[in-house]
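Chains, contacts and geometry: an overview
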Amino acid sequence: MNIFCVVRNYAPHAAEMKSPLPAEPTFFEKPHTALLPSPATLTYPPFTNDLQHEIEIVVKIEKSGSHIPCSDAHLYYNSVALGIDLTARDIQRGFKASGMPWLLSKGFDGSAIVSQFLPLEEVHKSINDLCFSLCVNGKTVQEGNSCDMIFSPDRLISYLSQFVSLSAGDLIYTGTPAGVGPIQRGDHLTGFLEGTQMLSLLVM
Ligand code: MG
């Protein structure tokens, strides 16, 4: 099982990170040991002083494929979840500055929070029109809609599969909207998809 994550897929988030918009989808990976199903409790990692949240829509691949045309990409998933791409931002800044890989800042144990998966037929909406949000201690800090993605889930799957064969069970974290920010010890994070709470994370 692979955990693929997309970088800068919402223009306002790229702006808040002072990063240029990508011309093509850009991916990184988290190890499978990063996966932490919701509801979850996570110990604040001792190696960072700037743990940050990135709420994202997660797509689960249902069958193997490679070189998937964009027009066929919808045949490769049928459910969505909410996830948090936890990031040790201080460490990531260091890696970015030196041009080195991000793995340790984004792939540490428990860095890929994921909710249960909801069949799209139960959501009754297109994957390209899903609103979602993240609250920290009951206050909304991130809000997004998949219609604002720079690269749609179908485009992401098609593009990724030109390079990497996809397998059933692979997850794609599709990028975060604006509003990323720090998490403190004791914070309770809750994620909502179309107004329904899907995700809970307590950071100790
Ligand atoms: Mg992210």
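Residues numbered from 1 in each chain as written. Predicted model: local features only at pLDDT ≥ 70, side-chain atom pairs only at ≥ 80, totals over all residues. Heavy atoms only, no water.

1. Considering the coordination of the magnesium ion
We count it as follows: Each metal's donors are the N, O and S atoms within 2.8 Å of it, or within 3.2 Å when it is Na, K or Ca, and because water is not part of the set, sites may look incomplete. The numbering of helices and of strands both runs from the N terminus, where a helix is a DSSP run of H or I of at least 4 residues and a strand a run of E of at least 2. For each residue, the accessible area found with a 1.4 Å probe, counting protein chains only, is set against the maximum for its type, and the residue is called buried under 20%, exposed over 50%, and partly exposed in between.
Coordination sphere of the magnesium ion, protein contribution only: Glu54 (OE), Glu56 (OE) and Asp85 (OD), at 2.0 to 2.2 Å. In the primary structure, the donors to the magnesium ion are separated according to the pattern E-x1-E-x28-D. On the criterion of sequence distance, the pair formed by Glu56 in strand E6 (residues 55-61) and Asp85 in strand E7 (residues 77-85) is long-range, its members being 29 residues apart. The same class applies to Glu56 as to Asp85, namely buried.

2. Structural notes on the nonpolar core
As a reminder, the rule being used: The set of buried Ala, Val, Leu, Ile, Met, Phe, Trp, Tyr and Cys residues whose side-chain atoms join them within 4.5 Å is what this entry labels a nonpolar core. Should any heavy atoms of two residues lie within 4.5 Å, those residues are counted as being in contact.
Counting 43 residues, the largest nonpolar core has Ile84, Leu86, Ile157 and Leu201 as its most contacted members. Sequence-distant contacts of Ile84, defined by excluding residues within four places in its chain, comprise His53, Glu54, Ile55, Ser111, Ala112, Ile113, Leu134, Tyr173, Leu189, Leu199 and Leu201. By size, the runner-up hydrophobic cluster in this structure holds eleven residues, among which are Ile3, Cys5, Phe28 and Ala81.

3. With respect to the environment of Glu24
Quick note on the threshold: For this analysis, a polar contact is any N or O atom pair within 3.5 Å, provided that within protein one partner can donate a hydrogen and the other can accept it, and provided that sequence-adjacent residues contribute only side-chain to side-chain pairs.
Along the chain, Glu24 falls in the loop between helix H1 (11-16) and strand E2 (26-30). Distance from Glu24 to Tyr159, taken between C-alpha atoms, is 8.4 Å for residues 135 residues apart in sequence. Not counting chain neighbours up to four residues away, the residues in contact with Glu24 comprise Phe151, Arg155 and Tyr159. Only 2.9 Å separates the side chain of Glu24 from the side chain of Arg155, close enough to count as a polar contact.

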